[in-house]
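Descriptive structure summary
Here are the chains, one letter per residue:
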Amino acid sequence: QVQLVESGGGLVQAGGSLRLSCAASGGTFRPYNMAWFRQAPRKEREFVAAIRWTGGSTDYVDSVKGRFTISKDNAKNTVHLQMNSLKPEDTAVYYCAARFLVPTRQAQDYNYWGQGTQVTVSS
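Below: a short report on this structure.

Conventions and cut-offs
Residues numbered from 1 in each chain as written. Predicted model: local features only at pLDDT ≥ 70, side-chain atom pairs only at ≥ 80, totals over all residues. Heavy atoms only, no water. Helix = DSSP H or I, 4+ residues; strand = E, 2+ residues; numbered from the N terminus. Rg over C-alpha atoms; globule rule 2.2 N^0.38 Å. Buried < 20%, exposed > 50% of the residue type's maximum accessible area, 1.4 Å probe, protein only. Contact = heavy atoms within 4.5 Å. Phe/Tyr/Trp six-rings, centres within 6.5 Å; stacked < 30°, edge-to-face > 60°. Lys NZ or Arg CZ within 6 Å of the ring centre and 35° of its normal. Pairing = 2+ DSSP bridges. Polar contact = N/O pair within 3.5 Å; in protein donor to acceptor, adjacent residues only side chain to side chain.

Helices and strands together make up the secondary structure of the protein chain, namely 0 helices and 11 strands. Going residue by residue from the N terminus, the α and β elements of the protein chain occur as β-β-β-β-β-β-β-β-β-β-β. Over its C-alpha trace the protein chain gives a radius of gyration of 14 Å, about what one expects of a compact globule, namely 14 Å for 123 residues. A total of 123 residues make up the protein chain; the buried ones form 43% of that total. Long-range pairs, those at least 24 residues apart, make up 56% of the contacts in the protein chain with a sequence separation of at least 6.

Each aromatic ring pair is summarised here by two numbers: the centre-to-centre distance and the angle between the ring planes. Going through the model one piece at a time under the given rule, you end up with 6 aromatic pairs. In textbook terms, an aromatic cluster arises when at least three aromatic residues are bridged by ring pairs, as seen for Phe-37, Phe-47, Tyr-95, Tyr-110 and Trp-113. Above the plane of the ring of Trp-53 lies Lys-72, whose end atom (NZ or CZ) is 5.2 Å from the centre.

Before going further, it helps to examine the pairing of strand β11 (residues 117-122). Only one face of β11 is buried: it carries Thr-117, Val-119 and Val-121, and the other face, with Gln-118, Thr-120 and Ser-122, is open. Bridging between strand β2 (residues 10-13) and β11 involves 4 bridges; their strand directions are parallel. Looking at the pairing, Gly-10 lines up with Val-119 of β11. As paired elements, strand β9 (residues 92-99) and β11 share 3 bridges and run antiparallel to each other. Among the inter-strand pairings, Ala-92 is bridged to a residue of β11, identified as Val-119.

As a further point, take the environment of Tyr-94. You can see Tyr-94 is positioned in strand β9. Taking relative accessible area as the criterion, Tyr-94 reaches 0% and is therefore assigned buried. With 46 residues separating them along the chain, Tyr-94 and Val-48 place their C-alpha atoms 9.0 Å apart. What Tyr-94 contacts, discounting residues up to four positions off in sequence, is Glu-6, Leu-20, Trp-36, Phe-37, Arg-38, Val-48, Phe-68, Leu-81, Met-83, Gly-116, Thr-117 and Val-119. Polar contacts involving the side chain of Tyr-94 include one to the main-chain carbonyl oxygen of Asp-90, which spans 2.7 Å.

Written out as structure tokens, the structure is:
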């Protein structure tokens, strides 16, 4: 089945930028859709952005619109999350997720998950 590996997290000052990457591998090829979620301590896992593998349409939570951009590299089976103008409230563990059906904003709809990468934004 699908294995997802995130990278690119780190510590950055408010106003700075980071680019997260999620590499997908394993299993027989089948078009699938991918999303980014994040989870801060003592908070529920929150939808951030999603992208359709076929067609490339995207969806963003309102709090990151204009600051974050999700993109994909079909040849490398990789999805990216470019995060600009980072705020302390963006601090969380960021997870890559995938499913074969239409992208949604609900974490419980996704059946493949990466291990997460920590993003910390200091004031």
